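# Fold and contact review
Each chain is listed here by its residues.
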Amino acid sequence: MARPDVFAGTVRGIRGIWQRPTRGTRRDGTSGTKGAVGLKLLYMFRPNKAVDKHLDFEQRAVEMVQREGPKAIEAAILKTIRTAR
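Heads up: these notes are all about the structure in this document. (Residues numbered from 1 in each chain as written. Predicted model: local features only at pLDDT ≥ 70, side-chain atom pairs only at ≥ 80, totals over all residues. Heavy atoms only, no water.)

## Here's the deal with the pairing of strand S1 (residues 6–11)
Put simply, the rule reads: Any two strands with at least two DSSP-identified bridges between them are counted as paired. Note on conventions: DSSP H or I runs of at least 4 residues are helices, E runs of at least 2 residues are strands, and numbering of each starts at the N terminus.
When S1 meets strand S2 (residues 14–19), the two strands line up antiparallel, connected through six bridges. Bridge pairing in S2 places Thr-10 opposite Arg-15.

Laid out in C-alpha coordinates, this is it:
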(Lines give C-alpha, C1' and ligand atoms only; values in the text may rest on other atoms or scores of the structure.)
Protein backbone atom coordinates (compact mmCIF):
# COMPACT_ATOMS: atom_id res chain seq x y z
CA MET A 1 0.00 0.00 0.00
CA ALA A 2 3.00 2.31 0.40
CA ARG A 3 3.85 2.07 -3.29
CA PRO A 4 2.32 4.52 -5.74
CA ASP A 5 1.22 1.76 -8.13
CA VAL A 6 -0.76 -0.18 -5.48
CA PHE A 7 -4.23 0.71 -4.22
CA ALA A 8 -7.18 -0.80 -2.35
CA GLY A 9 -10.55 -0.69 -4.03
CA THR A 10 -13.28 -2.47 -5.96
CA VAL A 11 -12.66 -3.37 -9.59
CA ARG A 12 -15.36 -5.21 -11.58
CA GLY A 13 -17.09 -6.11 -8.31
CA ILE A 14 -13.98 -7.58 -6.66
CA ARG A 15 -12.80 -5.86 -3.46
CA GLY A 16 -9.08 -6.14 -2.88
CA ILE A 17 -5.60 -4.72 -3.21
CA TRP A 18 -4.60 -4.06 -6.82
CA GLN A 19 -1.40 -3.18 -8.64
CA ARG A 20 -1.42 -0.90 -11.67
CA PRO A 21 0.68 -2.01 -14.65
CA THR A 22 3.95 -0.22 -15.39
CA ARG A 23 3.85 2.63 -17.88
CA GLY A 24 6.47 3.51 -20.42
CA THR A 25 7.30 3.63 -24.09
CA ARG A 26 6.18 0.68 -26.18
CA ARG A 27 8.17 -0.79 -29.09
CA ASP A 28 6.01 1.04 -31.58
CA GLY A 29 6.89 4.40 -29.97
CA THR A 30 3.54 5.06 -28.30
CA SER A 31 3.30 5.47 -24.57
CA GLY A 32 1.10 3.45 -22.25
CA THR A 33 1.17 0.29 -20.21
CA LYS A 34 3.87 -2.25 -20.90
CA GLY A 35 3.19 -5.97 -20.89
CA ALA A 36 -0.21 -7.29 -19.88
CA VAL A 37 -2.89 -4.65 -20.14
CA GLY A 38 -4.88 -4.53 -16.93
CA LEU A 39 -4.68 -4.53 -13.19
CA LYS A 40 -3.07 -7.28 -11.13
CA LEU A 41 -5.03 -8.54 -8.11
CA LEU A 42 -2.64 -8.89 -5.16
CA TYR A 43 -5.13 -9.69 -2.39
CA MET A 44 -8.91 -10.24 -2.40
CA PHE A 45 -10.96 -9.16 0.63
CA ARG A 46 -13.47 -11.75 1.76
CA PRO A 47 -16.20 -11.51 4.39
CA ASN A 48 -15.46 -12.88 7.85
CA LYS A 49 -16.73 -16.35 8.65
CA ALA A 50 -18.84 -17.03 11.72
CA VAL A 51 -16.93 -18.80 14.50
CA ASP A 52 -18.74 -21.22 16.78
CA LYS A 53 -15.78 -22.48 18.81
CA HIS A 54 -15.01 -20.67 22.08
CA LEU A 55 -11.74 -21.33 23.87
CA ASP A 56 -12.90 -20.09 27.31
CA PHE A 57 -9.60 -18.46 28.28
CA GLU A 58 -10.95 -17.05 31.56
CA GLN A 59 -11.83 -20.49 32.95
CA ARG A 60 -8.48 -21.90 31.78
CA ALA A 61 -6.61 -19.06 33.48
CA VAL A 62 -8.47 -19.57 36.77
CA GLU A 63 -7.70 -23.30 36.75
CA MET A 64 -4.04 -22.68 35.92
CA VAL A 65 -3.62 -20.10 38.70
CA GLN A 66 -5.27 -22.45 41.21
CA ARG A 67 -3.05 -25.34 40.09
CA GLU A 68 0.30 -23.55 39.51
CA GLY A 69 -0.08 -20.38 41.62
CA PRO A 70 1.05 -21.60 45.07
CA LYS A 71 4.15 -23.33 43.62
CA ALA A 72 5.06 -20.24 41.59
CA ILE A 73 4.66 -17.91 44.58
CA GLU A 74 6.76 -20.21 46.78
CA ALA A 75 9.50 -20.40 44.16
CA ALA A 76 9.52 -16.60 43.77
CA ILE A 77 9.78 -16.06 47.54
CA LEU A 78 12.62 -18.60 47.87
CA LYS A 79 14.50 -16.95 44.98
CA THR A 80 14.04 -13.54 46.61
CA ILE A 81 15.41 -14.82 49.90
CA ARG A 82 18.40 -16.51 48.19
CA THR A 83 19.35 -13.43 46.19
CA ALA A 84 18.73 -10.84 48.95
CA ARG A 85 21.77 -8.78 49.95
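## Points about the side chain of Asp-5
The condition that has to hold: Whether a residue is buried, partly exposed or exposed follows from its accessible area with a 1.4 Å probe, protein chains only, as a fraction of its type maximum: under 20%, in between, or over 50%, in that order. Polar contacts, as counted here, are pairs of nitrogen or oxygen atoms within 3.5 Å of one another; within protein the pair requires one atom able to donate a hydrogen and one able to accept it, and residues that are adjacent in sequence qualify only if both atoms are side-chain atoms. Contacts are residue-level and defined by heavy atoms, with any inter-residue pair within 4.5 Å sufficient.
Within the fold, Asp-5 resides in the segment before S1. You can call Asp-5 buried: its relative accessible area is 18%. Within the structure, the side chain of Asp-5 is placed 2.9 Å from the side chain of Arg-3, a separation counted as a polar contact. Here the side chain of Asp-5 touches Gln-19 through a polar contact of 3.1 Å, side chain to side chain. When sequence neighbours within four positions are dropped, the list of residues in contact with Asp-5 reads Trp-18, Gln-19 and Arg-20.

Shape is all these values report; function is a separate question.
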